[in-house]
Structures are given as C-alpha cells and as structure tokens.
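Residues per chain are reported as follows:
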Amino acid sequence: MSTASLQRLGLGVILVGGFLTLGSTGTFYAVGFYAMLLGLGVVAIAWLHDVERRA
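Note that this is a predicted model, so its numbers are computed, not measured.

Caption draft 1: Seen up close, helix α2 (residues 27–54). The terminal C-alpha atoms of α2, which comprises 28 residues, lie 41 Å apart, in line with the 40 Å expected from a rise of 1.5 Å per residue. Among all positions in α2, only G32, A35, G39, A46 and D50 are buried.

Right under this line is the structure:
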C-alpha cells in the first residue's frame, strides 16, 4: 500500500469517526472518537514514512 492510499484511508476513518461522534452519545461517541484517533495515527505514520523516504 502506498503512503498516499494510507493517508486517504486514514482521512476516511477520521471522517467516519467524526460523523459517528456528531449528535451521538455513549457507545457511538466512544467508537467515533477512537476511530478519529486511529485515523490520525494512520495519517501520521504514513506522513512520517513518506518524509523518511524522501530524505
């Protein structure tokens, strides 16, 4: 998987997590929140991998 596709995947997970947290409480809010954190992690790892490869 390329870093660009990983970044798109992470952004998609962030978007889905954001929609889950909107107007919801309890379990859906928690799942959405952790999905956003997971998406941020994926984007950050893909970005760092891309920067490291260019150096």
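Caption draft 2: Fine view of the environment of T21. With respect to the helices and strands, the residue T21 is situated in helix α1 (residues 3–21). A relative accessible area of 14% means that T21 is categorised as buried. As for T21 and V31, which are separated by 10 residues in sequence, their C-alpha atoms are 7.9 Å apart.

Caption draft 3: Summary view of a nonpolar patch on the surface. On the surface, Y29, F33, Y34, L37 and L40 cluster together into a nonpolar patch covering about 530 Å² of accessible area. Mapped onto the secondary structure, L37 falls in helix α2.

Caption draft 4: Here's a closer look at the packing of aromatic side chains. Evaluated as defined, the whole model comprises 1 aromatic pair. When the ring of F33 is compared with that of Y34, the centres are 5.7 Å apart and the planes differ by 70°; the resulting orientation is edge-to-face. Its relative accessible area of 56% is what places Y34 among the exposed residues.

Caption draft 5: Main features of α1. In this model α1 runs 27 Å from its N-terminal to its C-terminal C-alpha over 19 residues, within 8% of the 27 Å that 1.5 Å per residue would give. Next to the buried residues of α1 lie α2. One or two residues past the end of α1 sits G23, with phi positive at roughly 65°.

Caption draft 6: Quick look at the packing of α1 against α2. Packing of α1 against α2 brings their axes to within 7 Å, and their N-to-C directions diverge by 160°. Considered as vectors, α1 and α2 are oriented roughly antiparallel to each other. Our pair here, α1 against α2, has a crossing hand that is left-handed. For the contact of α1 with α2, the residue count by class is 16 nonpolar, 9 polar and 2 charged.

Quick notes on the rules
- Residues numbered from 1 in each chain as written.
- Predicted model: local features only at pLDDT ≥ 70, side-chain atom pairs only at ≥ 80, totals over all residues.
- Heavy atoms only, no water.
- Helix = DSSP H or I, 4+ residues; strand = E, 2+ residues; numbered from the N terminus.
- Expected span 1.5 Å × (residues − 1).
- Buried < 20%, exposed > 50% of the residue type's maximum accessible area, 1.4 Å probe, protein only.
- Patch = residues over 30% accessible without salt bridge, like charges linked within 9 Å, V, L, I, M, F, W, Y side chains within 5 Å.
- Areas by Shrake-Rupley, 256 points an atom, 1.4 Å probe, with all protein chains shown as cover.
- Salt bridge = Lys/Arg side-chain N within 4 Å of Asp/Glu carboxyl O.
- Phe/Tyr/Trp six-rings, centres within 6.5 Å; stacked < 30°, edge-to-face > 60°.
- Contact = heavy atoms within 4.5 Å.
- Axes fitted to C-alpha atoms, helices over the stretch in contact; angles between N-to-C directions.
- Parallel < 35°, antiparallel > 145°, perpendicular 65-115°, else oblique.
- Left-handed = near helix turned anticlockwise from the far one by under 90°.
- Nonpolar A, V, L, I, M, F, W, Y, C, P; charged D, E, K, R; others polar.

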